[in-house]
Structures are given as structure tokens and as C-alpha cells.
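# Working through the structure, step by step
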Amino acid sequence: MIRSPSLLESWTQENNQLASSCKQQDAPNRDLFRQKRWSSDFHKLLRKLQGIPPHLDHAQLELSVVYNTCVCFTAQSQFEEAQLLLTQTTQRVLQIAGDDPGTCDHSVLWRAALKSVASTALHRYVLSLLCLQWGIWLAKSYLNAIKDFQEEMLSLLETQNGAVWDECRTEAKKKIPDIPRLVLDPRRLVELLNVCTAVVQGAERLTEGWSALSALQAASALPAPRALIAYTHLLSGSCLAHMNRPQMALQCYRKALETDPRCVSALYQSILVYRRLENSQAEIQALRILHSTLLLPSTTEPAMAASHLLSPSLFLCSQSLSSLLSLPSALSVLHSLALKCVIHGRVSEGVEYYLDLLAALHSEGHHGVHDAVSTLPKLPKLYLEAGAALLMGRRPADCMALCDEVIGTTLDLLPEKVLLEDPEDGSMAGSREVKEEAESGLRRLLWAAAAYLLQGHCYSQLKDWKLAVTHYTRCISLLVKVHYKNRGFSPQIPCTDKDAGQGIDLCVLQRLKGLSLAGRGISFAQIDRLREALRDLQLSLQALPEGVSAGRWCGEVLWRLDRKREAAACWEKTWNHPIPSLAEALPVYAQELQSGPLLDSTELYQRLQELGPI
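Residues numbered from 1 in each chain as written. Predicted model: local features only at pLDDT ≥ 70, side-chain atom pairs only at ≥ 80, totals over all residues. Heavy atoms only, no water.

Below, the discussion takes up the overall build of the protein. When helices and strands are counted, the protein shows 28 helices and 2 strands. Looking at the protein residue by residue over its 614 residues, the buried ones come to 51%. Put simply, 68% of the contacts in the protein that link residues at least 6 apart link residues at least 24 apart. When the accessible surface of the protein is totalled, it reaches about 29300 Å², and 51% of it is carbon and sulfur. (Helix = DSSP H or I, 4+ residues; strand = E, 2+ residues; numbered from the N terminus. Buried < 20%, exposed > 50% of the residue type's maximum accessible area, 1.4 Å probe, protein only. Contact = heavy atoms within 4.5 Å. Areas by Shrake-Rupley, 256 points an atom, 1.4 Å probe, with all protein chains shown as cover.)

Among the structural elements, Asn244 can be located in the loop between helix 12 (226-242) and helix 13 (246-259). Taking relative accessible area as the criterion, Asn244 reaches 55% and is therefore assigned exposed. Here the side chain of Asn244 touches Arg276 through a polar contact of 3.2 Å, side chain to side chain. (Polar contact = N/O pair within 3.5 Å; in protein donor to acceptor, adjacent residues only side chain to side chain.)

What follows covers the pattern of salt bridges. Under the counting rule described, the total for this entry stands at 24 salt bridges. A salt bridge links Asp536 to Arg520; the shortest N-O distance between them is 2.6 Å. Of this pair, Asp536 sits in helix 25 (residues 530-543) while Arg520 sits in helix 24 (residues 502-526), placing them 16 residues apart in sequence. No difference in accessibility class separates Asp536 from Arg520, as the two residues are buried. (Salt bridge = Lys/Arg side-chain N within 4 Å of Asp/Glu carboxyl O.)

Contact pair helix 13 / helix 14 (residues 264-276): the axes reach a minimum separation of 9 Å and the direction vectors enclose 160°. On the basis of their axis angle, the class for helix 13 and helix 14 is roughly antiparallel. Considering only the axes of helix 13 and helix 14, their crossing is left-handed. Contact residues: helix 13 offers Pro246, Leu250, Tyr253, Ala256 and Leu257, while helix 14 offers Ala266, Leu267, Gln269, Ser270, Val273 and Tyr274. Each residue belonging to the contact of helix 13 with helix 14 can be placed in one class, and the counts come to 9 nonpolar, 2 polar and no charged. (Axes fitted to C-alpha atoms, helices over the stretch in contact; angles between N-to-C directions. Parallel < 35°, antiparallel > 145°, perpendicular 65-115°, else oblique. Left-handed = near helix turned anticlockwise from the far one by under 90°. Nonpolar A, V, L, I, M, F, W, Y, C, P; charged D, E, K, R; others polar.)

In this section: helix 4 (residues 79-97). The end-to-end C-alpha distance of helix 4, which contains 19 residues, comes to 27 Å, matching closely the 27 Å that a straight helix rising 1.5 Å per residue would cover. Where helix 4 is concerned, the buried positions are Phe79, Ala82, Gln83, Leu85, Leu86, Thr87, Thr89, Thr90, Arg92, Val93 and Leu94. Directly after helix 4, the chain includes Gly98, whose backbone phi takes a positive value near 80°. (Expected span 1.5 Å × (residues − 1).)

Further remarks concern the packing of aromatic side chains. The tally for this structure, following the rule as stated, stands at 2 aromatic pairs. Each ring, one from Trp137 and one from Phe149, has its centre 5.3 Å from the other, and the planes form 50°; the classification is tilted. In this pair, Trp137 sits in helix 6 (residues 123-139) while Phe149 sits in the loop between helix 7 (143-148) and helix 8 (150-159), placing the two residues 12 residues apart along the sequence. Phe149 shares its class with Trp137; the two are buried. Just above the ring of Phe149 sits the side chain of Arg111; from NZ or CZ to the centre is 4.2 Å. In this structure, Arg124 packs its charged tip against the face of Tyr125, placed 4.0 Å from the ring centre. (Phe/Tyr/Trp six-rings, centres within 6.5 Å; stacked < 30°, edge-to-face > 60°. Lys NZ or Arg CZ within 6 Å of the ring centre and 35° of its normal.)

When glycine is set aside, most residues are seen to have a negative phi, and most peptide bonds are trans. In this model, Ser77 sits at a positive phi of 60°, which is unusual for a non-glycine residue. With a phi close to 60°, Glu278 is a non-glycine residue in the positive phi region. Within the secondary structure layout, Glu278 lies in the loop between helix 14 and helix 15 (280-294).

Phe315, Leu454 and Leu512 are the most contacted members of the largest nonpolar core, which totals 165 residues. Per element, the largest residue contribution to this core is 13 residues, and it comes from helix 22 (residues 432-461). In this structure Leu512 touches Leu446, Ala449, Ala450, Leu453, Cys475, Leu479, Tyr589 and Ala590, once residues within four positions along its chain are discounted. Ala525, Val557, Ala568 and Leu604 belong to the second-largest nonpolar core, a separate cluster that totals 21 residues. (Core = buried A, V, L, I, M, F, W, Y, C linked by side-chain atoms within 4.5 Å.)

Now for the side chain of Ser270. By secondary structure assignment, the location of Ser270 is in helix 14. With a relative accessible area of 7%, Ser270 lands in the buried category. Reaching out from Ser270, the side chain makes a polar contact with the backbone oxygen of Ala266 at a distance of 2.8 Å. Contacts of Ser270, omitting those with residues within four sequence positions, involve Leu250 and Tyr253.

What follows deals with the environment of Ser477. Relative to the helices and strands, Ser477 resides in helix 23 (residues 465-479). The partly exposed category is assigned to Ser477, whose relative accessible area is 39%.

Taking 1.5 Å per residue as the helical rise, helix 21 (residues 396-410) with its 15 residues ought to reach 21 Å, and the 21 Å between its terminal C-alpha atoms agrees with that figure. Every buried residue belonging to helix 21 is among Pro396, Cys399, Met400, Leu402, Cys403, Val406, Ile407 and Thr410, and all of these are buried. When helix 21 is viewed along its axis, its buried side chains cluster within an angular range of 165° and face the same direction. Helix 21 presents Ala397 and Gly408 as exposed residues on the side facing more than 90 degrees away from its buried surface. Structurally, helix 21 contributes buried residues whose contacts are with helix 18 (347-361), helix 20 (379-392) and helix 22. (Arc of directions from axis to C-beta.)

Right, let's talk about the confidence of the model for the protein for a bit. The share of residues in the protein with pLDDT of 70 or more is 85%, and the mean pLDDT across the chain is 84. Mean pLDDT across the elements of the protein bottoms out in helix 9 (residues 162-175) (49) and peaks in helix 23 (97). (pLDDT = per-residue confidence, 0-100.)

What follows is about the packing of helix 17 (residues 330-343) against helix 20. Packing of helix 17 against helix 20 leaves a shortest axis separation of 11 Å and a crossing angle of 35°. Helix 17 and helix 20 meet at a crossing whose hand is left-handed. Of helix 20, the residues touching helix 17 (which contributes His335, Leu339 and Val342) are Leu382, Glu385, Ala389 and Met392. By residue class, the composition of the contact of helix 17 with helix 20 is 5 nonpolar, 1 polar and 1 charged.

Another point: the environment of Lys36. Structurally, Lys36 is set in helix 2 (residues 32-49). Between the C-alpha atom of Lys36 and that of Gln76, which follows or precedes it by 40 residues, the distance is 7.8 Å.

A few words on the state of the cysteines. Each disulfide consists of one covalent bond between the sulfur atoms belonging to two cysteines. Under the definition given, this model contains 0 disulfides. Here Cys239 is not disulfide-linked; the sulfur of Cys252 is the nearest cysteine sulfur, at 9.1 Å. Between Cys570, a free cysteine, and Cys554, which holds the nearest cysteine sulfur, the sulfur-to-sulfur gap is 4.2 Å. The class for Cys570 is buried, based on a relative accessible area of 12%. (Disulfide = S-S within 2.5 Å.)

Shown next, in the form of C-alpha cells:
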């Protein structure tokens, strides 16, 4: 006679079939529809089990189904549903044991549940559910809750080892011939959560020095996916960078990339270290590699999807970690690369990168264009930077074309005048709208003026002195539209002492004045209009006292005017002052680009020798 299966056996078979279906499905084929179907089927089975009063005879099956259901919920990031189910389950476990804690506090419920089943066959099942609670706390960055259960977590690591687990499975199999199957081995889950917790806690403790570093180095030896181990090396490097040990940090970043080449954040963090070390050549090389990597979508994200149902990325959601792993867009990196090359003397490379950047910004389908626009400088500023690079690369025609674009888009929007206040004088502060309008008008005016300045430099490079004078004059005519409410206010304050907003604009304003007057003065000197040249060069030195070209040419004009003692004194001031290198703190188009005519230093020295002591 064939015995019909009992209800318990039937439910066990249903659970095992569902669990087998989850395990047999390859990770790439686990689409959202299948995951939802599995969680729905497990949940239906669970409702059947919970439709009868809780009892020890079927508690092992019920807790197994709860585990499987919560794993499916967690895989879909349905943490609230999983949390609710775990809370209800701990309450049912306490009902089986005859306890009633009289609270819904998660910590109290878990401790009471663990205590009530401490010496029973349900202990390992409750521990498995605690693994999932650990995962939910980690996913929500409830690190204090995990810290409060540190002893229990250590117990999990010990209890879920192979010998104890296999012994428990053998004991359960004697009582239930067809033991309930789990969709995910709790031992693998514990291993995963252990490393993920070390990574998340490490991101929060970067400033704690050696203690945080020791924990991260210990985590790097744990069994885990390569991407997670790479994160431990990345965090170790960041910890060392905070400890002002840049070379050791670079070694950790290199190890992270060796462990997982898709850990692009390690490459970006290396760039930041090179920047701090002022190793511009290494930084440029790393920026080039980072840009190439970011253009490949398949390699910009670490391979976090493991063979398990639960991806490690589910548990790595802390704000500190996300901030550390964040990357600039490919176009932002390309802009940094172009600017770095120009500033550090690799002008021809910088020009090509700028042209690639502008082409990408005008290409609708380019990867990452829309995401990058907000992080890049405004388009007129990019055009001016590219124009300055083209000018330095001896391509004046291309530079003038870009400047024409800037002038064409800004000239009609320029105000008749810009009225500025002393940023440190709060008593004269107007409404926010008026201030923003003034700042916006100032920036547009500076862009147009800088475009005329660069065009003046271009004509100077082409030795068309009359057109150079014309364009320098147009630049000056725009700059004199800026007026100050407080007549005693002097904008000649070093840029480092100013705020990042209007202060930088005022500094650029002064530099454009000095450079345009110097350019026009030098151009006047080329066509022998010496008195106009002297006037402009002296005014340039008033606006920009550190101007080297203006100082040298002022001496040249004075010499030609037969004021040789004054000329010699002027040269003495600038003789040992080379034209300063380009600085990153200022727009490249507002700096001395050495694009105009140069004086022969040997000839100047001979003149001074002939003149004798001053």
C-alpha cells in the first residue's frame, strides 16, 4: 500500500524544488522576473506553514523557508520586507519556546530568541537568520547595531564552520529524511558578510590610522571575491594616504589593481596621490590610462556579481564607501588631462586633448556627455582654454576661430556696465538676485575680454601689429566697464586670499587688464609709437606688478627714448625674474603665455655693461 506523503513532507518537497531551481539557474540568467517569482513562491509556501500554530515539529522547515524567502527579498533589495519577516519569525520562535519579551525592539528580540533556542536543534537555524539580519543592517549602514552584536557575529563565524555545520546537518537528516534545502549556504553568506563588513567599516574608519589599517589587512586574507579583496587594498591605500604615507598608499593601490583590474577607483586615488606629490608626469600618465578605461563601459564597474544569489554590492551602500569609489566622468578626466599637459609643457598633446574634448561635447551620442557637462567648466571657458593652448602651439588661426565663437555667443549679452561691491563689506550687500546678476555679467564680460586678448596675442604672433593693437584695445574697452561701489576698494588682492566666487573673477579682471595693456604697449613699440607704448606698459605694471614681459619692454621703450638710467633700473628689477610657469589656480588664458616678441637677453646684458654701474 502506497503511503500518501504527509503535509510536512509535501511542503518540504516544495521548498526543495524551489531551492534547486534557484541554485541551478546561472548567475547571468537570474533576471528580475525570475527572482520575483521565486520570492513569491517561497512566500506563498511560508504563508501555508504559518497558517498553523507554531510548533517544534515543523519549526525547522518553517525557519528554512523563512531563510530562503529572506534571501530572495534581499537579492531584490527588498530589505523592509525581509526585515518584517525576520521580526515576525523571531516572535514565532519565542512563542514556540513559551517566551514573550513584550517588545518589538530588534536587538531584544534577537537576544531573547538566541537564548531560548541555545540548546536545541533550532539554534543553527536561528543563527542562519541572524546572518540575514546582519546583511540587512550592513545594507542599511546600521554599523552600531552590528557592533552591538559583535559577540554573536563571532559566534556565527565559529558555529558556521565546516565541522559544526556538517554535524548539525547530519543530526537534522536523522530526524527529517528529506532535509529542507537552502538557496544559499549560510557559511558562504557569513564569509561574504565578514569581508563586506570589514570594507564598510574600513571606509568609515580611514582616519583612525593603524587600527583601521590592521583590520583591513586582516580582511584582505579572508576568502572572498577578487573585487572585494581589491577594495580592502584600496581602503588600505586611502588609510595610508590619510596617514601621510603616499608611497605606501601607491603600493596598496597598485595591489588593488593587480587583484582586480576593474577596480578603477584605485587608479583614480593614485592620481590624487601623484597630485599631492606634484609628480605631474606620473599624474598625466595615470590620467591617460584612466580616461581610456572610463571609455570602456564593461570595465568601469568591478565584477561584483558573484556566483551566489546575493551580490556583494547589495551590502556596500555606505555613503563613505560610495564617496571613495566615486569616479569623475570620462570627459572631466579628458579636461584634466588636457589642462595638465598644457600647464606642464606638453602643449602639442594638450592641444589634441582639448580638440577631442570639444568634439566630444558637440557629439550627441558620445559616452557620458550629459553626465559630464555639470562637472566641466562653462563652454566659453573651455573654448578660451583650448584657444590659449592653440596659441601656445603656434596655431593662431585656430585660436582666433575659437575666440570668435566665444565673442559671438557673449557679446550681445554683455551689460553696459558691471557694478561690483567689496565682498568683505556686508553693509553694502544688495539682494541675492542683484549680486548673482552682477557676477554673471562679470563672467560673461571676462570671457569676451579674454577672447579679444587671445586674438590680440594671435595677431602679435603673426606680427600684424595694427590689428593686435585693435584687439587689445577692444579687450581694455570691455574691462573698463567694471566699476566699484566703494571707490577705496582695491581688487589687487592675491587670489589665494579671496573666496572662490567673485574673488577669482576680480583677480582675473586685474590680470586681463595688465596683460592687455602690456600687449598693446609691446605692439605700439613695434610700430615706434613709443610714448603710447610707455604709457600702456607703465599702466600694465600698476595693474599687474609681477608682469615680467611688461617690465622688460618698459625698459626697452625707455632705452629707445634715451632714458637709459631708468631703463637699466627697470631691467634690474626683472632681470632675474623669468616669466612664471603656468599655474593651475588661474585660468590659463589669464597668464603670461610667452606668445609675443621676445627681447634678446644677451643684447640687454651688453647694454647694461656698456652703461656701467647705475
